[in-house]
Structures are given as C-alpha cells and as structure tokens.
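Breakdown of the fold
Each chain, letter by letter, is given below.
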Amino acid sequence: MASNETRRVSDLGTLKAFGHPLRMKLYRALYIARQATASQLAEQVDEQVSLVSYHLRKLADHGLIEEADREGKDGRERWWQPASKGLRFHDEDFSDAPEKAATHTAVSRLSFDQHIELYRRFLDAYRSWTPPWRKASFTSEYLARLTPEELGALERELDGVIGRYEERGRARDEAGDTENRENVALHLYGFPFRT
C-alpha cells in the first residue's frame, strides 16, 4: 500500500465513487489480497473482467486504489493495490448539504447491507468450518450508557487494538506463517439508541 495511514474521505465525488455495490466489494477484495489484477478480482466477485476493470479505474480516479509496482505475466496485466491503510467516512464532512447527507446515509446503509451479507454467508456455512474456528468466532452485543466523548474514546481504543492484531497477522502471513490463517471480518458499530 502506498500509504500506511487511513484515508479520511471527505468529498462528495469520492464518496459517490465508493458508494457503488460492486466497487465496495472490489475494494474489500483488493484490501484482503493486498495486490491483484482485474482478472483475479473478477473471479472473486463473479463479474466480467471488463466490468471489473471499469470499476477499478473509477476507484483509482478518486485515489482509493492505485497501480501496484508489479508486472503481469505478459506485461499487459495491470496490478492494483489500495492507496491507503483503509478508509474512514465521517458524518460531519457531509452534513452541510442535503445531497451530501443523503449520499453519506446511502453509502453507510450499503456498507451495512454488505456486512450483513458477509455474516449471513458465514452463518450458512457455519458447520463447514473446523471446530477451532467455530469456537473462536463470536457475536456480541454490548449496551452501555456513555457520553459522545466516551464513545469516541472507546472507538479510538478499539481501533488501536484491532490495528495491532491486523498488523501482527499480516506480518506473520508475509513471513510464511499461513497455516490455519483465514480472512476474518470484524464489524463494530457504536451508536446511540432510545428504548
């Protein structure tokens, strides 16, 4: 990845570019693969290579992904990689105009829908995972009474913990420690609610 920092997306054009169902799936697949070609990603998302190439170029136009410094077998294959460690979207960047707020909400809903789809696929295949993976997987709900400041502090602390595990896992994977290593999704939501 070009940048080891998380990118804060704050412009409407980039938010709209990312807010396409296939582009979100491609970004996630590329983030996991670290580097991939359109052909490899097309296989993963079950789409035509030409369509995947188009959407990859749209992500690249907005600086979300970039060409990797790697050559394909015949010199024509284009390798892609995420341009940053990850992406963040903050409501405050899109709350000054109705179109921005509506787009931010739509992209957030789409992202949430994809998280649900991913978790449902896991549940449907639950018994196909080995007992250690079934034992290690979890779902939790925590209901706390916090202030906005405390919720923000909690998010920052969790982000640090998860980031350390992610970095450790990637380093071990790159060092060849791949036995029994799988992609793991961890979705956390922190939001106020009233009963």
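In short, a report on the structure. Predicted, not measured: the structure shown is a model, and the values here were computed from it.

At Arg-34, a residue that is not glycine, the phi angle is positive and equals roughly 75°. Here Arg-34 is to be found in the loop between helix H2 (21-33) and strand S2 (36-37). Positive phi is not limited to glycine here, since Asn-180 has a value of about 60°.

Mapped onto the elements, Gln-114 comes out in helix H5 (residues 98-124). Among the polar contacts listed, one links the side chain of Gln-114 to the side chain of Arg-28, at a separation of 3.2 Å. Not counting chain neighbours up to four residues away, the residues in contact with Gln-114 comprise Pro-21, Met-24, Lys-25 and Arg-28.

This brings us to the environment of Glu-47. Note that Glu-47 resides in the loop between helix H3 (38-45) and helix H4 (49-61). Through-space distance from the C-alpha of Glu-47 to that of Ser-140 is 34 Å; in sequence the pair is 93 residues apart.

The terminal C-alpha atoms of helix H7 (residues 148-174) lie 38 Å apart, and with 27 residues this matches the ideal 39 Å at 1.5 Å per residue to within 8%. Three or more residues of H7 are buried, namely Gly-163, Gly-169 and Arg-170. Where H7 ends, the next residue or the one after it, Gly-176, has phi of about 100°, a positive value.

Across the interface, H2 lies against H3 with an axial gap of 10 Å and an inter-helix angle of 115°. With respect to H3, the element H2 is oriented roughly perpendicular. Considering how the two elements wind past one another, H2 and H3 form a crossing that is right-handed. Counting all contacts with H2, which are made through Leu-22, Lys-25, Leu-26, Ala-29 and Leu-30, the residues of H3 involved are Leu-41, Gln-44 and Val-45. Within the contact of H2 with H3, the residues separate by chemical class into six nonpolar, one polar and one charged.

What counts, and at which threshold
Residues numbered from 1 in each chain as written. Predicted model: local features only at pLDDT ≥ 70, side-chain atom pairs only at ≥ 80, totals over all residues. Heavy atoms only, no water. Helix = DSSP H or I, 4+ residues; strand = E, 2+ residues; numbered from the N terminus. Polar contact = N/O pair within 3.5 Å; in protein donor to acceptor, adjacent residues only side chain to side chain. Contact = heavy atoms within 4.5 Å. Expected span 1.5 Å × (residues − 1). Buried < 20%, exposed > 50% of the residue type's maximum accessible area, 1.4 Å probe, protein only. Axes fitted to C-alpha atoms, helices over the stretch in contact; angles between N-to-C directions. Parallel < 35°, antiparallel > 145°, perpendicular 65-115°, else oblique. Left-handed = near helix turned anticlockwise from the far one by under 90°. Nonpolar A, V, L, I, M, F, W, Y, C, P; charged D, E, K, R; others polar.

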